[in-house]
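The chain contents come next:
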Amino acid sequence: MDDDRYGGDVLSGDWRSRGVKKVRQVPLERDMVLEDPVTGWAGAVVRLEAGNVELEDWKGRTRSFPFSGQFLLEGELVTLGRPQAPVGRSAAGRVGSAGAAGSAGAAGSVHADWRPGAAPAVRQASDGGRLRTASGSFAVESQRARVALPSRIMVEGKHDAELVEKVWGADLRVEGVVVEELSGVDNLASVLDDFQPSRDRRVGVLVDHLVPGSKESRFADAVMRGKWAAHVLVVGHPFVDVWQAVKPARVGLASWPVIPRSIEWKKGICQALGWPHAEQADIARAWQRILGQVRTFADLEPQLLGRVEELIDFVTEPRA
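Residues numbered from 1 in each chain as written. Predicted model: local features only at pLDDT ≥ 70, side-chain atom pairs only at ≥ 80, totals over all residues. Heavy atoms only, no water.

**Q** Provide a residue-level description of empty space enclosed by the protein, including the pertinent values.
**A** A full pass over the atoms with the stated rule returns three cavities of 30 Å³ or more. In this model, the second largest cavity occupies a volume close to 70 Å³. Lining of the second largest cavity is provided by Val33, Leu34, Glu35, Ala42, Leu72, Leu73, Glu74, Gly75, Arg250, Gly292, Gln293 and Arg295. (1 Å grid on protein atoms, 1.4 Å probe; cavity = no way out; pocket = protein on both sides within 12 Å on 5 of 7 lines; lining within 4 Å. Points joined across faces, edges and corners; volume = space filled by probe spheres on them.)

**Q** Talk me through the sheet that holds strand E10 (residues 152–155); I want residue IDs and the actual numbers.
**A** Pairing within the open sheet is parallel, and its four strands lie in the order E11-E10-E12-E13. The sheet is open, and its two borders are formed by strand E11 (178–181) and strand E13 (232–236), each paired with just one other strand. Taking each pair of neighbouring strands and ignoring which way they run, the sheet shows an average axis angle of 25 degrees. Sheet topology places E10 next to strand E12 (residues 203–207); four bridges connect them, and they run parallel. Following the sheet pairing, Ile153 is matched in E12 by Gly204. Its contacts with the sheet put helix H3 (residues 215–224) on E12 and E13, and the angle it makes with E13 is roughly 160 degrees. Packing against the sheet, helix H6 (residues 302–315) makes contact with E10, E12 and E13, and its axis sits at approximately 165 degrees to E12. (Pairing = 2+ DSSP bridges. Helix = DSSP H or I, 4+ residues; strand = E, 2+ residues; numbered from the N terminus. Axes fitted to C-alpha atoms, helices over the stretch in contact; angles between N-to-C directions. Contact = heavy atoms within 4.5 Å.)

**Q** With reference to specific residues and values, describe unusual backbone geometry.
**A** Of note in the backbone geometry, Asp31 takes a positive phi value of approximately 80 degrees without being a glycine. With respect to the helices and strands, the residue Asp31 is situated in the loop between strand E1 (24–27) and strand E2 (33–35). The phi dihedral of Ser183 is positive, around 60 degrees, even though this residue is not glycine. With respect to the helices and strands, the residue Ser183 is situated in the loop between E11 and helix H2 (188–195).

**Q** With reference to specific residues and values, describe the packing of aromatic side chains.
**A** Within the structure shown, the criterion is met by three aromatic pairs. Ring geometry for Phe65 and Phe71: centres 6.3 Å apart, planes at 90 degrees, overall edge-to-face. Using a relative accessible area of 1% as the deciding quantity, one classes Phe71 as buried. Taking 6.1 Å as the distance between ring centres and 15 degrees as the angle between the ring planes, the aromatic pair formed by Trp243 and Trp287 counts as stacked. (Phe/Tyr/Trp six-rings, centres within 6.5 Å; stacked < 30°, edge-to-face > 60°. Buried < 20%, exposed > 50% of the residue type's maximum accessible area, 1.4 Å probe, protein only.)

**Q** Which residues make up the nonpolar core, and what values do they have?
**A** Within the largest apolar cluster, 42 residues are counted, with the highest numbers of intra-cluster contacts made by Ile153, Leu163, Trp168, Leu172, Trp243, Ile290 and Leu300. Elements with a contribution of two residues or more to this core: E10, helix H1 (158–175), E13, helix H4 (265–273), helix H5 (280–291) and H6. With seven residues, H6 is the single largest residue contributor to this core. By size, the runner-up hydrophobic cluster in this structure holds 16 residues, among which are Leu34, Trp41, Leu73 and Leu80. (Core = buried A, V, L, I, M, F, W, Y, C linked by side-chain atoms within 4.5 Å.)

**Q** Could you give an account of the confidence of the model for the protein, with specific residues and numbers?
**A** In low-pLDDT segments, the atomic positions of the prediction should not be examined closely. Per-residue pLDDT for the protein averages 78, and the proportion of residues at 70 or more is 73%. Every residue in residues 120–127 scores below 50 in pLDDT, and together they form 19 contacts with partners more than four places removed in sequence or on other chains. (pLDDT = per-residue confidence, 0-100.)

**Q** A description of the pattern of salt bridges should follow, citing residues and the corresponding values.
**A** One pass over the structure, following the stated rule, counts 14 salt bridges. The residue Lys227 makes a salt bridge to Asp193 at a minimum N-O spacing of 3.6 Å. Linking Lys227 in the loop between H3 and E13 with Asp193 in helix H2, this pair joins segments that are 34 residues apart in sequence. Under the relative-accessibility criterion, Lys227 is labelled exposed at 65%. Take Asp193: its relative accessible area is 36%, and that puts it in the partly exposed class. Taken together, the salt bridges that share partners define one network made up of Asp31, Asp282 and Arg285. (Salt bridge = Lys/Arg side-chain N within 4 Å of Asp/Glu carboxyl O.)

**Q** Kindly report on the packing of H1 against H5, identifying the contributing residues and their values.
**A** Packing of H1 against H5 brings their axes to within 11 Å, and their N-to-C directions diverge by 20 degrees. With respect to H5, the element H1 is oriented roughly parallel. The chirality of how H1 crosses H5 is right-handed. For the pair formed by H1 and H5, the contact residues are His159, Glu162, Leu163 and Lys166 on the first element and Trp287, Gln288 and Leu291 on the second. (Parallel < 35°, antiparallel > 145°, perpendicular 65-115°, else oblique. Left-handed = near helix turned anticlockwise from the far one by under 90°.)

**Q** Quick one: what's the story with the pairing of strand E4 (residues 52–56), residue by residue and with numbers?
**A** Two faces belong to every sheet, and in a regular strand the side chains alternate between them. Of all the five residues making up E4, four are buried; the element is thus mostly covered by neighbouring parts of the structure. For strand E3 (residues 42–49) and E4, the ladder comprises five bridges, and the chain directions are antiparallel. By the bridge assignment, Glu49 is partnered in E4 with Asn52. Alignment of E4 against strand E5 (residues 62–66), held across five bridges, turns out to be antiparallel. Residue pairing for E5: Leu55 is matched across the bridge by Arg63.

Here it is as structure tokens:
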């Protein structure tokens, strides 16, 4: 009789990993923004050489870390897999035109679970171990995204949408709120005419640079005096661009540089920081470096935080 009443060897197999959360492996990409969890050094990937990955911070300083180590990617602990494309510097010594930023996707309408870009929820001991989303709300666990509501939140452009997704994405999926890009506040009136807001189809609009006398304020005032005013809420922040809504300390600055009106603002920012800015791909990569430093609502200015929360409340208000 060869029956073993006690089963096999209890130490056989991968017993050490039982109950241990596995760390996700992601392919290394040029311009991917990583942070070393031990030293806190954060920067964009510029080189893979001799088993080390080189990260460049916003000041152009570089530091190498073992490729086999663990890193923080948008707040998530990951290990690195072999790159699917060459990783290295261009002939000019700067990052080339291909990279993660260029693959972010085309502009357009966004479903309630549109992108995997939301920052991961964090479990806080002070909250009894409950998960909090990047916006600071308690996470609703084990719940699938709701069917999208007929109401919408509209933002000016792709960077606005990506930042909203990064911080409020989990909340928006729970509520079933879709975010759409206007491709400029100039298009707001025609977009509203096509959408035809109503009591059951509200529209909340987030506008950049909503200050007295600005072009944006004139468009907003016209909409709020127009035929859709009862079912539309237009709010905004005072910043020239949503980049400024990220606290400058997150990219190592005391304050955002002041850019003359004669210079395109985003190119001027990149130039002031010593980042490539000749092509649109350079601007896209610069934004990804900034966005990669955003982990929670605490990394954003309050002038933006309150406005987004106001819009979410407006489009999810229950019917009377």
